[in-house]
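# Structural features, examined
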Amino acid sequence: MLLRRIGFFVLTLLALLALLYSGDKIYLFFLCAFLLIILFSLLQLVFSCLSLTLHTTISAPESEKSEPFSWYLYPKARLFPISHVKIITTVPDSLSGNAITEAYATSLASYTSFEIPIVLSYEYTGKYTFSIQKAVVSDIFGLFTYTFRQKSKRLPPAQTILILPEVTAFTYPSANLETQSEMIKTNERNEPAGIREYIRGDQMNRIHWKYTARAGKLHVKEYEKYTKDNHIIFLDLTNPNLQGIRLNKIKDLLLGRVASLCANLISNGSPVILLCYHEDVNGLVAVEYRDKDEMRRFLAKCNFYTPLSQMYMNPLSSSLLSEMTDFTLFSASITSQFYEDIAKTALFITSVMIYLIPQRDHIDEQKELVHKLIDQGFSAELLTDDSSSVQGGEV
């Protein structure tokens, strides 16, 4: 189009110079023809811009992982025909999530619209946004163009879709549903239901010291089990300093594990409280769920963020202290600095379980962290994508 435009204006200039030099009427004819074409092109471009409308729609507001869906573009000529319009879209890449641009061109007759389907699918859980970056309208001869940019009122707003986390038959290595729903009560609220021999990973505050002294081996108290009590699940979504596909894979694995545990708990009648930092409110949010689909939608909107300010630690600890509940923490961290204080706060009144999502380059560090947490009296596991304790596995 650029070469066509340059060539046309060069010919117009040559016709003008020839007319001025020779005065021959034939050159006047050519010059007038060129000027009429320019005038017609400008008028046709103006009418095309006034006539163009554009809207978009998406086949569904949410989708499962790897399930195809369609984003539709609908350019329309309300009154005058549109000789050529090029629509440039911004679409997230299916793996890395980085924005990529695609161009689609069409011509429209008067009072007609055209459907442009864009079929997409995504491998990882998340919230994906699609938008029209600009629409370029050109005249019939390709001499002039006008661009409607993203902020223009003539272009539709961006649209989003939620790719929901996958719920799998995931069994947690050290905590089946019965163990997950067992609550540790203080003596004023509940008495132990029994005593058993200590197992590695049992919390230190459950040790029955008098019986241990008599038996010569460590024994712990067992408490009554409740299947309807709230279960707080905290998502540590501190950015693990990864980018692109690796970051999306870690987030997808973390959210999938959380969704699987939540679905199991909800199926067994145990309300779930999801607790995490949310950028929309710039703070901690705690939402109770009894419906699996609503829970999955919430998780799909979660994203990694920069390290959480210490100002949020006190409200978090207070929420744990106010609830006699189970507390499960999911994290992709390689250090315990962020959540160790939180878990210590909850340790004396709740059942605490810490699950680490493995990072391929930090497996050994995370293994050491798991042992450290267990030695401190926490229940902790390093998970893998095959739903078992890690044995040198990778993500």
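Notes on the structure follow. Treat the numbers as computed from the prediction; the structure is a model and nothing was measured.

This part covers the overall build of the protein chain. Along the protein chain, the regular secondary structure elements total nine helices and 17 strands. Within the span of the protein chain, comprising 395 residues, buried residues form 46% of the whole. Put simply, of all contacts in the protein chain between residues at least 6 apart along the chain, 73% involve residues at least 24 apart. Within the structure as shown, the protein chain displays about 20100 Å² of accessible surface, and the carbon and sulfur contribution to it stands at 55%.

Enumeration according to the criterion identifies 15 aromatic pairs in this entry. Centre to centre, the rings of Phe47 and Phe80 are 4.7 Å apart; their planes meet at 25°, and the pair counts as stacked. Of this pair, Phe47 sits in helix H2 (residues 25–51) while Phe80 sits in the loop between strand S3 (69–77) and strand S4 (82–92); the two residues are 33 residues apart in sequence, bridging distant segments of the chain. The class of Phe47 is partly exposed, set by a relative accessible area of 37%. Centroid distance Tyr146 to Phe148: 5.1 Å. Interplanar angle 75°. Geometry classified as edge-to-face. Among the aromatic side chains, those forming a connected cluster through ring pairs are Phe69, Trp71, Tyr122, Tyr128 and Phe130.

Here the structure, examined in full by the defined rule, presents six salt bridges. Across the salt bridge formed by Lys65 and Asp252, the nearest N and O atoms sit 2.9 Å from each other. Within this pair, whereas Lys65 is found in the loop between strand S2 (62–63) and S3, its partner Asp252 is found in helix H5 (residues 244–267), the two being separated by 187 residues in sequence. Residue Lys65 is classed as partly exposed on the basis of its relative accessible area, which comes to 23%. Owing to a relative accessible area of 10%, Asp252 belongs among the buried residues under this scheme. The partner of Glu288 in a salt bridge is Arg290, with the nearest N and O atoms 3.0 Å apart. Each of Glu62, Glu294 and Arg297 takes part in salt bridges that share partners, so that together they form one network.

What follows deals with the environment of Ile82. With respect to the helices and strands, the residue Ile82 is situated in strand S4. Along the backbone, Ile82 and Ser110 are 28 residues apart, and their C-alpha atoms lie at a distance of 7.5 Å. Beyond its immediate sequence surroundings of up to four residues, Ile82 is in contact with Ser48, Ser51, Leu52, Lys76, Ala77, Ser107, Leu108 and Val137.

With that out of the way, let us pick up helix H1 (residues 2–22). With 21 residues, H1 extends 30 Å between its outermost C-alpha atoms, agreeing within 8% with the 30 Å of an ideal straight helix rising 1.5 Å per residue. Every buried residue of H1 is listed here: Phe8, Thr12, Ala15, Ala18 and Leu19. Here the buried residues of H1 occupy an arc of 130° about the axis, which is enough to place them on one side. The outward face of H1, more than 90 degrees from its buried face, is lined by the exposed residues Leu2, Leu3, Leu20 and Tyr21.

A word on H2. Across its 27 residues, H2 extends 39 Å between first and last C-alpha, which sits within 8% of the 39 Å expected from 1.5 Å per residue. Taken as a whole, H2 has its buried residues at Leu31, Phe34, Ile38, Ser41, Gln44, Leu45, Ser48, Cys49 and Ser51. For H2, the elements touching its buried residues are H1, strand S1 (52–58), S3, S4, strand S7 (126–138) and strand S8 (145–149).

Here we come to the sheet that holds S1. Taken together, three strands build an open sheet; the order of strands is S1-S3-S6 and the sheet is antiparallel. Two strands in the sheet have a free side with no partner beyond their single neighbour: S1 and strand S6 (116–120). Pairs of neighbouring strands in the sheet enclose a mean axial angle of 15°, with direction left out of account. In this structure, S1 lies alongside S3, joined through seven bridges in antiparallel fashion. Opposite Thr53, over in S3, you have Lys76 as the bridge partner.

Take the pairing of strand S17 (residues 379–382) next. Taking every second residue as pointing to the same face, both faces of S17 are buried, with Ser379 and Glu381 on one and Ala380 and Leu382 on the other. Across four bridges, the pairing between strand S16 (residues 352–356) and S17 is parallel. Within S17, the position partnered with Met353 by the bridge is Ser379. With helix H9 (residues 363–375) bridging S16 and the parallel S17, this β-α-β connection has right-handed handedness.

Reading the values: the criteria
Residues numbered from 1 in each chain as written. Predicted model: local features only at pLDDT ≥ 70, side-chain atom pairs only at ≥ 80, totals over all residues. Heavy atoms only, no water. Helix = DSSP H or I, 4+ residues; strand = E, 2+ residues; numbered from the N terminus. Buried < 20%, exposed > 50% of the residue type's maximum accessible area, 1.4 Å probe, protein only. Contact = heavy atoms within 4.5 Å. Areas by Shrake-Rupley, 256 points an atom, 1.4 Å probe, with all protein chains shown as cover. Phe/Tyr/Trp six-rings, centres within 6.5 Å; stacked < 30°, edge-to-face > 60°. Salt bridge = Lys/Arg side-chain N within 4 Å of Asp/Glu carboxyl O. Expected span 1.5 Å × (residues − 1). Arc of directions from axis to C-beta. Pairing = 2+ DSSP bridges. Axes fitted to C-alpha atoms, helices over the stretch in contact; angles between N-to-C directions. Right-handed = clockwise from strand over helix to strand, strands pointing away.

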